[in-house]
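Here is how the chains run, residue by residue.
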Amino acid sequence: MQSVSIISGYSTLHGALRSAERNWVGRLESALSADNLTADHWAILSQLSTDDGMTMSELAAQARLAPSSATRHADNLAERGLIFRVAATDDRRRILIGLSSLGAKLAARIRAQERLAEEELRARLGIRRYGELLAALAVVAERDD
């Protein structure tokens with residue numbers, strides 16, 4: 001059976017998605033590495049930058065990280081003063097995680113670079129194809145659970 005190239009020589013969807021992700025993260029690498037952040041750190045910070053606080057399990061699910069990895073990365077970000085943990089007002093046993101003011105400034109700076117990269121991609125693809133790409137990726141990212 002002959003293999004069909006999907007994107008840039010990658011013959012599987014998995015290969016194409018991994019290549020696209022690595023290329024995309026590479027676009028943000030200068031912003032991330034300037035502040036000693038990884039792609040997983042950015043996944044956490046970017047989720048927290050759109051919320052007033054969430055539990056660790058919610059954060060792990062939203063950032064698409066294993067709970068143990070999310071905890072390890074959150075500990076690192078907390079040590080650096082980028083996030084904070086606080087007891088929820090409705091249930092003191094629940095711990096919420098949020099961005100500190102330092103973390104919010106950092107997230108805004110990286111988000112601005114991410115927006116520029118998105119604008120460049122949208123210009124390359126055109127508005128229609130860009131919208132189709134987002135819709136297709138949303139379908140791929142849907143969870144069946």
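The structure under discussion appears in the preceding block.
Conventions and cut-offs
- Residues numbered from 1 in each chain as written.
- Predicted model: local features only at pLDDT ≥ 70, side-chain atom pairs only at ≥ 80, totals over all residues.
- Heavy atoms only, no water.
- Helix = DSSP H or I, 4+ residues; strand = E, 2+ residues; numbered from the N terminus.
- Buried < 20%, exposed > 50% of the residue type's maximum accessible area, 1.4 Å probe, protein only.
- Contact = heavy atoms within 4.5 Å.
- Axes fitted to C-alpha atoms, helices over the stretch in contact; angles between N-to-C directions.
- Parallel < 35°, antiparallel > 145°, perpendicular 65-115°, else oblique.
- Nonpolar A, V, L, I, M, F, W, Y, C, P; charged D, E, K, R; others polar.
- Phe/Tyr/Trp six-rings, centres within 6.5 Å; stacked < 30°, edge-to-face > 60°.
- Lys NZ or Arg CZ within 6 Å of the ring centre and 35° of its normal.
- Salt bridge = Lys/Arg side-chain N within 4 Å of Asp/Glu carboxyl O.

## A few points about the environment of Ala-117
Counting through the fold element by element, Ala-117 comes out in helix H5 (residues 101-125). Given a relative accessible area of 4%, Ala-117 falls into the buried group. Residues Ala-117 and Trp-24 lie 93 residues apart in sequence; the distance between their C-alpha atoms is 8.4 Å. Discounting residues that sit within four places of it in the chain, Ala-117 has contacts with Trp-24 and Arg-27.

## Thoughts on the packing of helix H2 (residues 39-48) against H5
For the pair H2 and H5, interaxial distance at closest approach is 10 Å and the crossing angle is 105°. The angle between the axes of H2 and H5 places the two elements in the roughly perpendicular class. Within the contact between the two elements, H2 uses Trp-42, Leu-45 and Ser-46 and H5 uses Leu-106, Ala-107, Ile-110, Arg-111 and Glu-114. The residue inventory of the contact of H2 with H5, partitioned by class, reads five nonpolar, one polar and two charged.

## Some points on the packing of aromatic side chains
By the definition in use, this model includes zero aromatic pairs. The positively charged end of Arg-122 is found above the aromatic ring belonging to Tyr-130, 4.8 Å away from the centroid.

## A short note on the pattern of salt bridges
Enumeration over the complete set of coordinates arrives at six salt bridges. Note that Arg-85 is salt-bridged to Asp-75, the shortest N-O span being 2.7 Å. Here the residue Arg-85 occupies a position in strand S1 (residues 83-87), and Asp-75 occupies one in helix H4 (residues 67-79), the gap between them amounting to 10 residues. We classify Arg-85 as partly exposed; its relative accessible area is 38%. Judged by relative accessible area, Asp-75 falls into the partly exposed class, the value being 32%.

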